[in-house]
Amino acid sequence: GARSGRSASDPPDWRRVFVGNIGWWVDEDMLQRVFGEYGTILDAQVMWNTKLLAKGKRVNREFAFISFSSEAEAANAIAWMHGRYIEGLTKDKDGLTVQYEAQGLSKQGPQQPPSAAPAVALPVPMWAANPALQAPAAQQQQKQQLLLQQLQQQNALQQLLVQQQAQHDQATLLHQLQELQQQQQPGNALLLATQGVYGTPPAPSGVLNPPPSGPGSGL
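Predicted, not measured: the structure shown is a model, and the values here were computed from it. (Residues numbered from 1 in each chain as written. Predicted model: local features only at pLDDT ≥ 70, side-chain atom pairs only at ≥ 80, totals over all residues. Heavy atoms only, no water.)

Just to check I follow, could you spell out a nonpolar patch on the surface for this structure?
A contiguous nonpolar patch, built from Leu157, Leu160 and Leu161 and spanning about 270 Å² of accessible area, is present on the exposed surface. You can see Leu161 is positioned in helix H6 (residues 137-198). Using a relative accessible area of 47% as the deciding quantity, one classes Leu161 as partly exposed. (Patch = residues over 30% accessible without salt bridge, like charges linked within 9 Å, V, L, I, M, F, W, Y side chains within 5 Å. Areas by Shrake-Rupley, 256 points an atom, 1.4 Å probe, with all protein chains shown as cover. Salt bridge = Lys/Arg side-chain N within 4 Å of Asp/Glu carboxyl O. Helix = DSSP H or I, 4+ residues; strand = E, 2+ residues; numbered from the N terminus. Buried < 20%, exposed > 50% of the residue type's maximum accessible area, 1.4 Å probe, protein only.)

This is the structure in structure tokens:
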């Protein structure tokens, strides 16, 4: 079937962008965080491997679709993101493939996107619009890489916290079992001592016969 439910016979939607060469681990939330810098996202759709998804494994097919609220925002995202390598998001060093979905759906070859000079000025990312934050392109890429690394670290930290909580629960249970055993051991000792006093007395040591009773019994 079609990759996104649209076909070449549908009128082009120049707000919808194809994003290829993403890592197999990328989900909708990661796409929205990165591409949301370039406009308002109406929909982000990662194409998942349905066979693996049925087995509980979230592995995507290395491409996705994003719908922006305007053609200008889609053009802005393509201008900034096509060909870029972002660690934690991009599959390999070839960089992202970011283009209009309609260009890939056309059977007669790539369709022409809207005019490169839209009537409204293209919005730019916050860090690019602020002169105080402008820096070389390599530094800008490092900022986004750092953001994605932080997301990965947060996920890893959450997993570690879950593991630590499980270990803590196991340690608590083991401690409770040890306390229960210690509480039972004095009870067993008391039970044995009680049997020795009120039950069958132990054999006396060093005295074979009881002392004679009555006056003159020793003479």
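Next comes the rest of the write-up.
Can you help me understand the packing of aromatic side chains in this one?
Centre distance and the angle of the planes are the two values used to describe a pair of aromatic rings. Counting across every chain of the model gives six aromatic pairs. Considering the side-chain rings of Phe18 and Phe63, the 5.8 Å spacing of their centres and the 35° angle between planes classify their relative orientation as tilted. Taken as a pair, Phe18 in strand S1 (residues 16-20) and Phe63 in strand S3 (residues 60-68) lie far apart in primary sequence, 45 residues in all. Phe63 carries the same exposure label as Phe18, and that label is buried. Judged by centre distance (5.9 Å) and plane angle (90°), the ring pair of Phe63 and Phe65 falls under edge-to-face. Put simply, the rings of Phe18, Phe63 and Phe65 pair up and form one aromatic cluster. Positioned above the aromatic ring of Trp48, the side-chain terminus of Arg58 is 4.2 Å from the ring centre. (Phe/Tyr/Trp six-rings, centres within 6.5 Å; stacked < 30°, edge-to-face > 60°. Lys NZ or Arg CZ within 6 Å of the ring centre and 35° of its normal.)

I would appreciate a short explanation of helix H3 (residues 71-81) in the present structure.
One turn of an α-helix holds 3.6 residues; hence residues three or four places apart share an orientation. Along H3, the residues that are buried comprise Ala72, Glu73, Ala74, Asn76, Ala77, Ile78 and Met81. Among the residues trailing H3, Gly83 stands out with phi positive, at a value near 80°.

Got a minute to help me understand the sheet that holds S3 in this structure?
Pairing between the strands of a sheet is mediated by backbone hydrogen bonds and can be parallel or antiparallel. Here we have four strands laid out as an open sheet, ordered S2-S3-S1-S4, and antiparallel in their pairing. Only two strands of the sheet have a single neighbouring strand rather than two, namely strand S2 (41-48) and strand S4 (97-100). Across this sheet, the average inter-strand angle for adjacent strands is 20°, counted without regard to direction. Relative to S3, S2 runs antiparallel, the two sharing six bridges. (Pairing = 2+ DSSP bridges. Axes fitted to C-alpha atoms, helices over the stretch in contact; angles between N-to-C directions.)

I'm lost on the pairing of S1 in this one. Help?
Here is the key point about a regular strand: its side chains alternate between the two faces of the sheet. Summarising burial for S1: five of the five residues are buried, a large majority. Burial of S1 is two-sided: the residues Arg16, Phe18 and Gly20 facing one way and the residues Val17 and Val19 facing the other way are all buried. One ladder, built from five bridges, connects S1 with S3; its direction is antiparallel. Bridged to Gly20 within S3 is Phe63.

Explanation requested: the pattern of salt bridges in the structure shown.
Side chains that carry opposite charge are capable of pairing whenever their charged atoms lie near each other. Under the counting rule described, the total for this entry stands at five salt bridges. Notably, a salt bridge pairs Arg33 with Asp29, separated by 3.2 Å at the nearest N-O pair. Of this pair, Arg33 and Asp29 both sit in helix H1 (residues 28-35), four residues apart, which is roughly one turn of that helix. Within the structure, one salt-bridge network assembled from shared partners comprises Arg16, Asp43 and Glu101.

Teacher, can you tell me more about the side chain of Ser67 here?
Inspection of the secondary structure puts Ser67 in strand S3. Dropping the residues within four chain positions of it, Ser67 is found in contact with Arg15, Arg16, Thr40, Ile41, Leu42 and Asp43. (Contact = heavy atoms within 4.5 Å.)

Explain H1 here, please?
Met30, Leu31, Val34 and Phe35 are the residues of H1 that are buried. Looking straight down H1, one finds that the buried residues subtend no more than 110° of arc, so they occupy a single side. (Arc of directions from axis to C-beta.)

Is there a simple way to think about the environment of Trp80 in this case?
With respect to the secondary-structure elements, Trp80 resides in helix H3. Given a relative accessible area of 26%, Trp80 falls into the partly exposed group. Along the chain, Trp80 and Val98 lie 18 residues apart, while their C-alpha atoms are 9.2 Å from each other. Polar side-chain contacts of Trp80 include one of 3.0 Å to the side chain of Asn76. (Polar contact = N/O pair within 3.5 Å; in protein donor to acceptor, adjacent residues only side chain to side chain.)

So far we have only geometry, and geometry alone does not tell us how the molecule works.
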